Amino acid sequence: MKRRHFFRATAGAGMAVGFSDLDRIVVGRQIGHSIPSQLRRRTTRLRRLDDVLGGGDTYRIYLGEYQATKRMARECDYSERTGRELLSVLAEQAQQAGWAAFDGGKHADASGLYEESYRAATEAGDTALAGNALAFLAYQKSDGSREAGVEFAVRSCRTAGTDAPRGVRALLHERLAWAHALAGQPRETAEALDAAEAALNDDDGEPQPDWAAWVDQTEIKIMTGRCWAELRRPLRAVPVLEEALRDYDDTHARDKSLYLSWLADSYLSAGEIEQAAAVTGRALDLCAGVASVRPRSRLAPVLARLGEHRDLGAVADVLERAKS
């Protein structure tokens, strides 16, 4: 059968069509049942680029994969089961491209891709991916409306449900915690962090989707520290962030620089100005040359707070480095 309804609805999204060698794995116009799994493995391999590169480097790659899969699904023939699996892969690719767009500062593209991902995942019956699409939207919407961020994060957890893989539940609940922290809700933040921890510890032996497999105890600690930093609770934030970042590899330069910014912010809240300056300098070193708008954007308010102490030599040095 042809599964064209969704693809007609999304064909005019206004994003450039990417180029890919995906067409090489299709024989004629018939897609066999093994094609979606091949595409998913390919998506998994390409996801590793996000560990070391910013969205400015990966966006076109991920968008090209998404567009090629959408074109394949629109133009080829396949069974209903294969169609659902193809839609699930498409939803996963749209989220990856949306994340790269967000990381690269293309916020309108990111929103469009997350929304398309949600529609594809819903049609595919993949509630875990549908919930993750909503979580991505919550993460983005929190910048403009804290209430909308919480609303979307709550919906994401409900959509995925209690039967979702433990890594997915942990991921969605930690993003819910972040939305509550941004909204200034400490009790709800703590409850969501506890739910994320409980989900991660619920090891039932079931396989985890690769897109959520990166969520581990270190990630939960980092999110815990970020939340308490955002809530201006430095006595809670500093120890957990220091512990989590102690062995966090510098090769993850974008992410580590971001996380260090919250540590620096917490040191400032605790009145440890020189320590905040040292951590900020480390974050600046790590994010230099990374094709992501987020580290410098996140460091901007930290540098502004440091500017109140520019009479200190350590602070003056960091502020000067930031200019260059």
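Here goes a summary of the coordinates provided.

The rules behind the values
Counting starts from 1 at the beginning of each chain's written sequence and moves along it residue by residue. The predicted origin of the model limits local features to residues at a pLDDT of at least 70 and limits the giving and counting of side-chain atom pairs to 80 or more, whereas totals for whole chains, interfaces and linings rest on all residues. To get the side-chain values, take all heavy atoms of the structure and skip hydrogens and water. Residues belong to one nonpolar core when they are buried, are Ala, Val, Leu, Ile, Met, Phe, Trp, Tyr or Cys, and are joined through side-chain atoms within 4.5 Å. Think of it in three bands: residues with accessible area under 20% of the maximum for their type are buried, residues over 50% are exposed, and the middle band is partly exposed, with areas taken using a 1.4 Å probe on protein chains only. By the criteria applied, helices consist of DSSP H or I runs no shorter than four residues and strands consist of E runs no shorter than two, each listed in order from the N terminus. A contact between two residues is defined here by any heavy atoms of the two lying within 4.5 Å. Count a disulfide wherever a pair of cysteine sulfur atoms falls within 2.5 Å. For this document, the term salt bridge refers to a Lys or Arg side-chain nitrogen within 4 Å of an Asp or Glu carboxyl oxygen. Helix axes use the C-alpha atoms of the stretch in contact, all axes being lines fitted to C-alpha atoms, and the angles between their N-to-C directions lie in the range 0 to 180 degrees. Every angle not falling under 35 degrees, over 145, or within 65 to 115 is termed oblique; those three ranges are roughly parallel, roughly antiparallel and roughly perpendicular. Take the far helix as the reference: if the near one is turned anticlockwise from it by less than a right angle, the crossing is left-handed, and if turned clockwise, right-handed. Any residue that is not Ala, Val, Leu, Ile, Met, Phe, Trp, Tyr, Cys, Pro, Asp, Glu, Lys or Arg is counted as polar, Gly included; the first ten are nonpolar and the last four charged.

### A few points about the nonpolar core
So, step 1. Ranked by size, the top nonpolar core spans 90 residues in total, and within it V168, L263 and L306 carry the most contacts.
So, step 2. At 10 residues, helix α8 (residues 166–182) tops the list of elements feeding residues into this core.
So, step 3. Once you skip the residues sitting within four places of it in the chain, V168 turns out to touch A128, A160, Q208, P209, W211 and A212.
So, step 4. Listed in part, the nine residues of the second largest apolar core include I35, L39, C76 and Y78.

### Quick word on the state of the cysteines
Two cysteines joined by a covalent bond between their sulfur atoms form a disulfide.
So, step 1. Counted by the stated rule, this structure contains zero disulfides.
So, step 2. For the unlinked cysteine C157, the closest cysteine sulfur is that of C227, found at 13 Å.
So, step 3. Classification of C227 as buried rests on a relative accessible area of 0%.

### Notes on the environment of H252
So, step 1. Its place among the elements puts H252 in the loop between α11 (234–246) and α12 (253–269).
So, step 2. Sequence separation of H252 and A120 is 132 residues, and the distance between their C-alpha atoms is 31 Å.

### A short note on the side chain of S261
So, step 1. Structurally, S261 is set in helix α12.
So, step 2. With residues near it in sequence (within four places) discarded, S261 still touches R298, L299 and V302.

### Details of the pattern of salt bridges
So, step 1. Applying the stated criterion across every chain, the model contains 24 salt bridges.
So, step 2. Between D210 and R48 there is a salt bridge whose closest N-O contact spans 2.6 Å. Placement of D210 in the loop between α9 (186–201) and α10 (217–230) and of R48 in the loop between α2 (35–47) and α3 (55–75) is noted, with a sequence separation of 162 residues between them.
So, step 3. Judged by relative accessible area, which is 22%, D210 ranks as partly exposed.
So, step 4. Assessed through its relative accessible area of 41%, R48 is described here as partly exposed.
So, step 5. The partner of D255 in a salt bridge is R254, with the nearest N and O atoms 3.0 Å apart. For the residue pair D255 and R254, the accessibility class agrees, reading buried in each case.
So, step 6. Overlapping salt bridges bring together R40, R47, R48, E92 and D210 as one network.

### Looking at the packing of helix α4 (residues 80–103) against helix α5 (residues 107–124)
So, step 1. Relative to each other, α4 and α5 sit at 160°, their axes nearing to 8 Å. When the axis of α4 is compared with that of α5, the two are roughly antiparallel. In this structure, α4 crosses over α5, and the sense of that crossing is left-handed. Only H107, D109, A110, L113, Y114, S117, A120, A121, E123 and A124 of α5 make contact with α4, whose side of the interface consists of R84, L87, S88, L90, A91, A94, Q95, A97, G98, W99, A101 and F102.
So, step 2. In the contact of α4 with α5, the residues fall into 14 nonpolar, five polar and three charged.

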